[in-house]
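Given next are the chains, with one letter for each unit.
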Amino acid sequence: PPSASPVPRKGFSLPIAHGLGGGSREPQEGIQIMGLGIMGLNCRPQRVSGWILGAPGEGPTCCGSSRVTALTPARMRFLATSAPRPLRPTSSTRDARSRFCASSPQRRIWRSYCAASSSLRPPRPPSPSPAFAFAFALARPAASMALEAARSIPLEAALAECTEALNCFLRNQFSESLEMLQPRTRESMYHALIYATILEMQAMMTFEQEDIAHAGHTMKEAQEICQRFRRKNVASGAFSGRTGGESCTEEELHAEVCYAECLLHRAALTFLQDENMVNFVKGGLKVRSSYLIYRELSSCLQPSRLPASSVRAHLEGGIALGIGAFNLTLSLFPPRILKLLEFAGFSGDKDYGLQQLHQGATTTPNLRALLCTMLLLCYYTFLTFILGVGEDDFTEAEALLSPYLSRYPKSAIFLFFAGRIEEIKGNINEAIKKFEEGCSAQQAWKQFHHMCYWELMWCFAYKGMWKMAYFYADLLSKENRWSKAMYVYMKAAFLSMLPRGEPRPFGEDEVALFRQVSSFKQKIAGKSPPTEKFAIRKARRYKASEHTPLPVPALEMMYMWNGFTVLRKQQELLEGTLNTLTQAEKQLQEVPGNPLMLREILVGVDMCESSIYTCAKQILCSVGVCIFGWISHG
């Protein structure tokens, strides 16, 4: 109205000027264009142009801009075909509407509003018949599946693109690899699986809960993509090789392998994500489901009966990876636990597992060849070394590694394994060189550096360079989350190996560090790692105000990690360790009542490694007599 203040844009409350209410001189409650409606009445909030009422006799007006425009019949017809549905009062305001329409001027305003609403309301489309609705409901899943099938890409093209993405990953181009895979994670099961696997590797290295949760969510989405391509058994809803394995298409067989692999990855992330027993049970169920799928595929689909095509090698490699990984891992469990697992339906054969993994690593072209190779390298360079079940023959590991090193000479992953092989062979200087090359090869993923830092720490500990070993333990304690309790304990252990009067780096005190170890305790799959339990128990000695220091904590932890096997490869390393133990014995003799059993054990092991078997036997037998007497006397 002319007497009103300038009208703001839609979405604001407009004051009703005097004269609108039939002679009332005071402004009444405003009209909210996008909300409460007219005169405080509740209306349905919809996307509309701002509608207000004009003065009596002028009809409704529109405030789509800063000026008020009267709605002429031509404008009314135009807005009836283009404007959204206007506001209408809800049924909850019926009583308020009755009170509002009691007076004659207000009734005229209300009738004008209702006339504008009815004229501007678009015609309602006719409702579909029940037969049409039923037919549409039946056709909708089929149409969705047809749309997804049209969007999916052929297996050959998907495998070629995933292979190229893995090549970028091995050339330390991690971001480029993820960018190649991410656009088609909704269309291809292999794109989704490889993309989620790379994120899982990153999460396991960072050990951040956000990264682990994100990787688990991505792996779950990859599993859903694989589920879309699987063939379902009508009776049970699960894959069965005896009833449907031979009749499955090639794409459905690939989907089964990818689905089982997703289950296995999700189980590993479940163990890391939380430390309660519920997640442990959930992870165990996923492992069992994956194992059953692999067992069905292996028993019912022989290589000779697989479809002959260009992607057959990838299918064989996927089955070999799953069967080999399960058999090798289960064979490493203690016999008592293995019997319980056999009762639950699991079985493990180490030789058969190694055979399957070698087959998967050497079959080309094969997308899983990299994973098979990495599992074998971890077995030959870590598990057999730490558990003491292997031999000193590294020809298998070197034969697996040499083709990749020649093709990817700057790959951080393979430089790390090359340094690890040199380390356990006793070539410490060459191992240090390889690890430093692995750190300088890339800067995108700092977590690869942490693996090298751990090995560099032990390399300098083998050489007796305690300050350098402390330096790398300090880097790990500040940058890595794998096992902070272990890192802090190793810092304190290396400082305690220095002479008493020598200044400590960064002014740190080993006693204060030992007292902090228990505060960094963590659990994985509901259990604390054995190394952390050992470190926390050893550090309890320093809780008391008057404590007895540990004699040689660094060598003690080295013995726990089977480091004396490395020392025996180099005579000068053994001699340096024996000198360190001799100096520790002199210090222990100054402390009354301090037992020398630990020192004697380490000396005996050191002599065993240096082939001085007679002296070693005498020392270890004397230690055994002391331990037996200590146990028998309580």
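As shown above, the structure is provided for reference.
Here the residue numbers are simple positions, counted from 1 along each chain's written sequence. For this predicted model, a pLDDT threshold of at least 70 governs which residues receive local features, and a threshold of 80 or more governs which side-chain atom pairs are given and counted, while totals over whole chains, interfaces and linings are taken from all residues. Processing note: side-chain calculations cover all non-hydrogen atoms of the structure and skip hydrogens and water entirely.

### A short note on the environment of Arg312
The numbering of helices and of strands both runs from the N terminus, where a helix is a DSSP run of H or I of at least 4 residues and a strand a run of E of at least 2. With respect to the element layout, Arg312 can be found in helix 12 (residues 312–331). For the pair Arg312 and Pro365, spaced 53 residues apart in sequence, the C-alpha separation works out to 9.5 Å.

### As for the packing of aromatic side chains
Only rings of Phe, Tyr and Trp enter the pairing, Trp through its six-membered ring, and a pair is recorded when the two centres are within 6.5 Å. The plane angle decides the type: under 30 degrees is stacked, over 60 is edge-to-face, the rest tilted. Tallying each qualifying case throughout the model produces 26 aromatic pairs. Our definition puts a charge over a ring when NZ of Lys or CZ of Arg is within 6 Å of the ring centre and also within 35 degrees of the ring normal. Over the face of the ring belonging to Phe382 we find Arg420, whose NZ or CZ atom lies 4.4 Å from the ring centre. A cation over an aromatic ring shows up here: Lys478 above the ring of Phe506, its NZ or CZ 5.4 Å from the ring centre.

### Looking at the environment of Leu297
Along the chain, Leu297 falls in helix 11 (residues 277–300). Separated by 40 residues in the primary sequence, Leu297 and Val257 place their C-alpha atoms 8.2 Å from one another.

### So, empty space enclosed by the protein
Both site types are read off a 1 Å grid over the protein atoms alone. A 1.4 Å probe that fits but cannot get out defines a cavity, while an open set with protein on both sides within 12 Å along at least five of seven lines defines a pocket; lining residues have an atom within 4 Å of a point. Grid points are joined across faces, edges and corners, and a volume is the space filled by probe spheres set on the points. Inspection of every chain in the model, using the stated rule, returns five cavities of 30 Å³ or more. Space inside the largest cavity adds up to approximately 130 Å³. Contributing to the lining of the largest cavity are 14 residues, with Leu166, Ile194, Thr197, Leu370 and Leu371 lying nearest its centre. Taken together, the elements giving at least two residues each to the lining of the largest cavity come down to helix 5 (155–170), helix 7 (189–206) and helix 15 (369–387).

### As for unusual backbone geometry
In the Ramachandran plot, Asn172 falls in the positive-phi region, its phi being about 70 degrees despite a non-glycine side chain. With respect to the secondary-structure elements, Asn172 resides in the loop between helix 5 and helix 6 (174–181). The backbone of Phe506 sits at a positive phi, close to 60 degrees, despite the residue not being glycine. By the element assignment, Phe506 lies in the loop between helix 21 (484–496) and helix 22 (510–516). The cut-offs for exposure are 20% and 50% of the maximum accessible area for each residue type, with area from a 1.4 Å probe on protein chains only; residues under the lower value are buried, those over the upper are exposed, and the others partly exposed. Judged by relative accessible area, Phe506 falls into the exposed class, the value being 63%.

Shape is all these values report; function is a separate question.
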